[in-house]
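Below are the chains, spelled out letter by letter.
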Amino acid sequence: MNDNSKKFDKFIADYAVLKRKLPRMYGIEAVNLFKENFDKEGFIVGNGSVIKWKKTRRNTGRKVLKKADVYSVEFTLKE
């Protein structure tokens with residue numbers, strides 16, 4: 001086999017690994033973004049700024065969802 005054939009075979013193998021891992025990576029990112037939106041009480045837009053949610057009529061001054069150590073889970077991707 002020549003060098004280009006080896007590079008192409010490696011590329012195909014790397015693509016297969018990425019194709020398998022990509023849905024999980026996007027899912028983890030989505031969960032983390034969802035949690036961060038609740039933590040910041042608004043929607044995080046592309047440039048990093050936050051669009052705050054409207055205040056409710058029964059605003060008690062506390063966060064929408066309080067963090068509980070029991071339910072707090074951080075997702076990371078293992079390489």
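So, a few notes on the structure that sits alongside this text. (Residues numbered from 1 in each chain as written. Predicted model: local features only at pLDDT ≥ 70, side-chain atom pairs only at ≥ 80, totals over all residues. Heavy atoms only, no water.)

1. Quick notes on the pattern of salt bridges
Selection criterion: By definition, a salt bridge exists where a carboxyl oxygen of Asp or Glu is found within 4 Å of a side-chain nitrogen of Lys or Arg. Helical segments are the DSSP runs of H or I of at least four residues, strand segments are the runs of E of at least two, and each set is numbered from the N terminus. Each residue is placed in one exposure class: buried if its accessible area under a 1.4 Å probe, protein chains only, is under 20% of its type's maximum, exposed if it is over 50%, and partly exposed if it falls in between.
All chains considered together, the criterion is met by two salt bridges. Put simply, K7 and D3 hold a salt bridge, and the shortest N to O gap is 3.7 Å. Taken together, the residues span about one helical turn, with K7 and D3 both in helix α1 (residues 3-40) at a distance of four residues. Relative accessible area serves as the criterion here: at 54%, K7 is assigned to the exposed category. D3 sits in the partly exposed class, given a relative accessible area of 47%.

2. Describing α1
Let me state the cut-off plainly: One fewer than the residue count of a helix, multiplied by 1.5 Å, yields its expected span. At every residue, the bend is computed as the angle between two fitted axes, covering the seven residues ending there and the seven beginning there respectively.
For α1, spanning 38 residues, the distance from its first C-alpha to its last is 51 Å, which sits close to the expected 56 Å at 1.5 Å a residue. At K21, α1 is bent by approximately 35 degrees, the largest bend along its length, and proline P23 sits one to four residues beyond. After α1 finishes, the residue E41 shows a positive phi value of roughly 55 degrees.

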